[in-house]
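A closer look at the structure
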Amino acid sequence: MPRNPLEEAGRALRTLGDRLRESAGPEGEWLADQLERLQPDRARPDEGKSMEELQAELDALVGLETVKEQVHALVAFLEVQALRKQGGLPEVATSQHLVFLGNPGTGKTTVARLLAQMYRAMGLLRRGHLVEVDRAGLVGQWVGSTALKTDRVIRRAVDGVLFIDEAYALASEHERLDFGPEAIETLLKRMEDLRERLIVIVAGYPRLMQRFLESNPGLRSRFAREIFFPDYSTQELLAITRAFVREHEYALGEGAEPTLEAVFGSAPRGEGFGNARFARTIFEQAVNMHALRLARAGLDRPSLAELQTLTEEDVRAAARMLGEEPLPEQAAGRSLFRRRRQNA
């Protein structure tokens, strides 16, 4: 298929603009804006999903009911403030930067990505893209390099959302010579300079994020809104796993789902619990065990059903691989699995 010259030109201009934003300082940002205006209409990225589509996508996520309520409330507040501004009424000045509190695998990055697109749909951000980073992407290894590294990441996030995962790692308590505080200072300054063009979301464990917010007097005032992401329940983890199974065109055989329920039900919740990541890992291990079972059976041409069905034994073997050990069968009526001791 022949290439469209307009699309090629637009792609080249966008690439050049992104590089200028990342490495050329304020002058580069200005020049990148001028290049964006030169892009042919057909070469510009599409307008993206509507607010209704994005809210429907949010509502379709498994669980997270309290998170959804808070996001809907935030969006409604911003929409009303925009209408007040259009009507000549004063706006209520509030910080749009957010703190996401929760254990791993609770949907924080997914919700951040949806929020970034919602901000674009409301006209608050021009691009509405998400730049995800952690301590390693912000902190340098020698004096003076951290400010440059942090500023480079911020330029990539201009007109979008900067999502800092495990942000508490920037406020280390134990290292005497640590450049994390320099990254925080740079971030705070640029948040003020770009308050109309940048939204920052910091995320991490609830306990450790409180230490982060208390590490610098400027953080509390800028991150005034917190959203807590709870751990998934056993039934929600089952629903997430079913979605993985459907997406990859597998099926759960007889006994597989009760076994999954036992695995999820016996898994201790806490900072070390992986939530949806744990569900995905169980599914991926079950797929591996399914393939190994078929290979050992020596089937030259397995049936379509055999290629699709994850059995109870596949799930049990997957759990074993992840440190779960089946209890003796005579222990029926209790949890089917127990977690191996860490020091065994």
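This one's a predicted model, so the numbers in the text were calculated from it and none came from an experiment.

1. With respect to the overall build of the chain
Assigned secondary structure in the chain consists of 15 helices and nine strands. A burial count over the chain gives 43% of its 344 residues as buried. Considering only intrachain contacts with a sequence separation of at least 6, the fraction spanning at least 24 residues in the chain is 72%. With the model as given, the accessible surface of the chain reaches about 19000 Å², and the carbon-plus-sulfur share is 52%.

2. Considerations on the sheet that holds strand 2 (residues 130–133)
Here we have five strands laid out as an open sheet, ordered 2-3-4-1-5, and parallel in their pairing. For this open sheet the edge positions go to strand 2 and strand 5 (225–229), each flanked by a neighbour on one side alone. Each strand of the sheet is rotated relative to its neighbour by a mean of 20°, with strand direction disregarded. Sheet strands in contact with helix 5 (residues 108–122) are strand 1 (98–102), strand 2, strand 3 (160–164), strand 4 (198–204) and strand 5, and its direction is about 155° off that of strand 1. Contacting strand 1, strand 4 and strand 5, helix 9 (residues 206–213) runs over the sheet at an angle of about 150° to strand 1.

3. Let's talk about the layout of surface pockets
Where empty space is left can be seen by rolling a probe of water-molecule size over the atoms. A volume near 720 Å³ is recorded for the largest pocket. If you go around the largest pocket, you meet 24 residues; those closest to its centre are Thr94, Gln96, Leu124, Arg195 and Glu196. Every element with two or more residues in the lining of the largest pocket is listed here: helix 4 (65–86), helix 8 (180–193) and strand 4. It is helix 4 that contributes the most residues to the lining of the largest pocket, six residues altogether. Split into classes, the residues belonging to the lining of the largest pocket amount to 10 nonpolar, seven polar and seven charged.

Thresholds applied
Along each chain, numbering runs from 1 in the same order as the chain's sequence is written. Whole-chain, interface and lining totals are the exception, using all residues; otherwise, since this is a predicted model, local features are given only for residues with pLDDT of at least 70 and side-chain atom pairs are given and counted only at 80 or more. Heavy atoms throughout the structure, all of them, feed into the side-chain values; hydrogens and water do not. Strands are runs of DSSP state E lasting at least two residues, helices are runs of H or I lasting at least four, and both sets are numbered from the N terminus onward. Between buried and exposed lies partly exposed: a residue is buried under 20% and exposed over 50% of the maximum accessible area for its type, with that area taken using a 1.4 Å probe on protein chains only. Whether two residues touch is decided by their heavy atoms; if any such pair falls within 4.5 Å, the residues are in contact. The Shrake-Rupley method, run with a 1.4 Å probe sphere, supplies the accessible areas, and residue values consider only the shown protein chains as cover. For two strands to count as paired, DSSP must find a minimum of two bridges between them. Here the axes come from fitting lines to C-alpha atoms, over the contacting stretch only for helices, and the angles between their N-to-C directions go from 0 to 180 degrees. Detection works on a 1 Å grid of protein atoms alone, calling trapped sets that fit a 1.4 Å probe cavities and calling open sets with protein on both sides within 12 Å along at least five of seven lines pockets, with lining residues defined by an atom within 4 Å of a point. Grid points are joined across faces, edges and corners, and a volume is the space filled by probe spheres set on the points. The residue classification treats Ala, Val, Leu, Ile, Met, Phe, Trp, Tyr, Cys and Pro as nonpolar and Asp, Glu, Lys and Arg as charged. All others, Gly included, are polar.

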